[in-house]
Amino acid sequence: MSTLAHIDRLTLIGTGLIGGSLALGLKQAGFVGEIVGCGRRGSQLQRALELGVIDRSEPDPAAAVAGAGLVVVCVPVLAMPAIFAAIAPAMRPDAVLTDVGSTKQSVIDAAQQAFGELPAGFVPGHPIAGTEHSGVEAAFATLYQQRLSILTPTPASSESAIATVQAMWQACGARVAVLDAEHHDDVLAATSHLPHVLAFALVDLLASRADHDEVFAYAAGGFRDFTRIASSSPDMWRDIASANRHALTQNLDALIERLQGLRAAIAVDDRRTVHACFSRAKQARDNYVDLVEEVQT
Ligand code: NAP
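Conventions and cut-offs
Residues numbered from 1 in each chain as written. Predicted model: local features only at pLDDT ≥ 70, side-chain atom pairs only at ≥ 80, totals over all residues. Heavy atoms only, no water. Near = heavy atom within 4 Å. Polar contact = N/O pair within 3.5 Å; in protein donor to acceptor, adjacent residues only side chain to side chain. Areas by Shrake-Rupley, 256 points an atom, 1.4 Å probe, with all protein chains shown as cover. Helix = DSSP H or I, 4+ residues; strand = E, 2+ residues; numbered from the N terminus. Nonpolar A, V, L, I, M, F, W, Y, C, P; charged D, E, K, R; others polar. Buried < 20%, exposed > 50% of the residue type's maximum accessible area, 1.4 Å probe, protein only. Arc of directions from axis to C-beta. Contact = heavy atoms within 4.5 Å. Pairing = 2+ DSSP bridges. Axes fitted to C-alpha atoms, helices over the stretch in contact; angles between N-to-C directions. Phe/Tyr/Trp six-rings, centres within 6.5 Å; stacked < 30°, edge-to-face > 60°. Domains from an automatic or database assignment. Buried area = accessible area lost by both parts, 1.4 Å probe. Salt bridge = Lys/Arg side-chain N within 4 Å of Asp/Glu carboxyl O.

J.: Honestly, the site of the ligand in this entry has me stumped. Any pointers?
T.: Lining the immediate environment of the ligand, one finds 26 residues, of which I18, R41, V75, S102 and G135 sit closest. At 2.8 Å, a backbone N or O of I18 approaches an oxygen atom of the ligand. Between the ligand and G135, the relevant distance is 2.7 Å, taken from an oxygen atom to a main-chain nitrogen or oxygen of the residue. For the ligand, whose accessible area on its own is 900 Å², the fraction buried by protein is 86%. Where the shell around the ligand is concerned, the elements lending two or more residues are α1 (17-29), β7 (125-128) and α10 (234-243). Partitioned by chemical class, the residues of the shell around the ligand number 13 nonpolar, eleven polar and two charged.

Right under this line is the structure:
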């Protein structure tokens, strides 16, 4: 075991893609002793055991967190209130609690509700990494390498709890950034939640056409790239759309306005306006890709 190990027992509630990958990365880094897995379906917990993602399974959340120094909640965001309510009376008083939810203010509100006041050991988090696949079978140890993980500490979060959660993500190879929860939700509505809604809506639209078989048969690589994220979990994205609906609807309104402008320009064959939009977008996208590649090298 590496010298990085300092968490004797970690409880993972939700052993799907995100939780399972975290467990595998932490095991590979020697960051934890035992990992206790908790989830809804016994079959999935059994699979997590077989794949070596967890060391022990405990279906009851309260029993699962007993004695754990670090608890990581990796379930869809609207499942978090019930999980927090179940674990609040059972957690070690000095335990560190974090989550991986894609929205942050809803998770903080849920913790406040369950714990009465926000615990010093609670440090909300969100890894900016994932795939369109779900479940423990999709988990892999390197998911977080060279990726960003955002922490949104509350005013009550202690320095030592923040340091523990930061060390956990760094052990998996991630960089860590700290953001205010509201700002996180606004930014992620634009860069993640909006594109997912767009991909789901586009595929749903095309699938509803009478000639959908032909439409999909002739789709090219660009369609596959653009719609990859429409293969993501509908349960998870329903929860995200609901939990971040305020910021998401603002971003949707802005996009609809932009699309209407573009539609009007295309309708009257205003090629200058169309070209200007495409050129600005290409430049911005190329700059973004350069930046990502620079950070990753
Ligand atoms: P996933 O692969 O579908 O795994 C979800 C896990 O949560 C499973 O262990 C599932 O248990 C459990 N679960 C689902 N509904 C539950 C409920 N109502 N009560 C208790 N447990 C429940 O999903 P994931 O991709 O790992 O996502 C987990 C979290 O990570 C979500 O909050 C999501 O917003 C966040 N996140 C996802 C991504 C991504 O790209 N996927 C990226 C960053 C953050 P069973 O298998 O037994 O049903």
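From this point, the narrative continues.
J.: Just to check I follow, could you spell out helix α5 (residues 105-115) for this structure?
T.: Because the α-helix completes a turn every 3.6 residues, residues three or four places apart line up on one side. Those residues of α5 that fall on the buried side of the exposure criterion are V107, I108, A110 and A111. Along the long axis of α5, the arc covered by the buried residues comes to 160°, so they all point the same way. Buried residues along α5 sit against α4 (80-87), β5 (96-99), β6 (122-123) and α7 (181-207). Backbone geometry just downstream of α5 places G116 in the positive-phi region, at approximately 85°.

J.: It is not clear to me how unusual backbone geometry should be interpreted in this structure. Could you clarify?
T.: A positive phi angle, close to 60°, is found at Q146, a residue other than glycine. Along the polypeptide, Q146 turns up in the loop between β7 and β8 (148-151). Judged by relative accessible area, Q146 falls into the partly exposed class, the value being 45%. One non-glycine residue, D269, lies in positive phi territory at about 55°. Along the polypeptide, D269 turns up in the loop between α11 (245-267) and α12 (271-296).

J.: Can you help me understand the environment of A167 in this one?
T.: Among the structural elements, A167 can be located in helix α6 (residues 159-171). Residue contacts for A167: discarding those within four places in its chain leaves H6 and F31.

J.: Looking at this structure, I do not really get the sheet that holds strand β2 (residues 32-38). What am I missing?
T.: The strands making up a sheet are joined through hydrogen bonds of the backbone, oriented either antiparallel or parallel. Spatial strand order, β3-β2-β1-β4-β5-β6: six strands in an open sheet with parallel pairing. Of all strands in the sheet, those bounded by a partner on one side alone are β3 (56-57) and β6. Across two bridges, β5 lies against β6 in parallel orientation. Opposite L97, over in β6, you have F122 as the bridge partner. Contacting β1 (7-13), β4 (70-73), β5 and β6, α6 crosses the sheet at an angle of about 50° to β5.

J.: Explanation requested: the packing of aromatic side chains in the structure shown.
T.: Aromatic ring pairs are described here by two measures, namely the spacing of the ring centres and the angle between the planes. Applying the stated rule across the entire model yields four aromatic pairs. Arranged with centres 4.9 Å apart and planes meeting at 75°, the rings of Y144 and W169 form a pair that is edge-to-face. Note that Y144 is positioned in the loop between β7 and β8 and W169 in helix α6, a separation of 25 residues in sequence. For the pair Y144 and W169, one class covers both residues: buried. Geometrically, the ring pair formed by F216 and F223 is tilted, given 5.8 Å between the ring centres and 50° between the ring planes. Note on F223: relative accessible area 22%, which makes it partly exposed. Joined through ring pairs, the aromatic side chains of F84, F115 and F122 make up one cluster.

J.: How should the sheet that holds β7 be read in this particular structure?
T.: Read from one edge to the other, the open sheet built from three strands follows the order β7-β8-β9, with strand pairing classed as mixed. Two strands in the sheet have a free side with no partner beyond their single neighbour: β7 and β9 (175-178). Between one strand axis and the next, the sheet turns through 25° on average, direction left out of account. Taken together, the four bridges between β8 and β9 define a ladder with parallel strand orientation. Bridge pairing in β9 links L151 to V178.

J.: In this structure, what is going on with the domain arrangement of the protein? I would like to understand it.
T.: Many authors give the size of an interface as the accessible area that is lost as the parts come together. The domains assigned to the protein are domain 1 (7-179) and domain 2 (184-296). Using only C-alpha atoms to locate each centre, domain 1 and domain 2 end up separated by 30 Å. Taken together, the contact pairs 20 residues of domain 1 with 16 residues of domain 2. Contact with domain 2 buries area across many residues of domain 1, yet L78, S102 and E132 alone supply 35% of it, more than any other trio. Here E132 makes a salt bridge to R228, at a shortest N to O gap of 2.8 Å. Remark: the boundary between domain 1 and domain 2 carries six residue pairs in polar contact (both at pLDDT 80 or more). Mapped by element, the contributors of at least two residues to the side of domain 1 that touches domain 2 are α5 and β7. Its residues assigned to classes, the side of domain 1 that touches domain 2 comprises seven nonpolar, nine polar and four charged.

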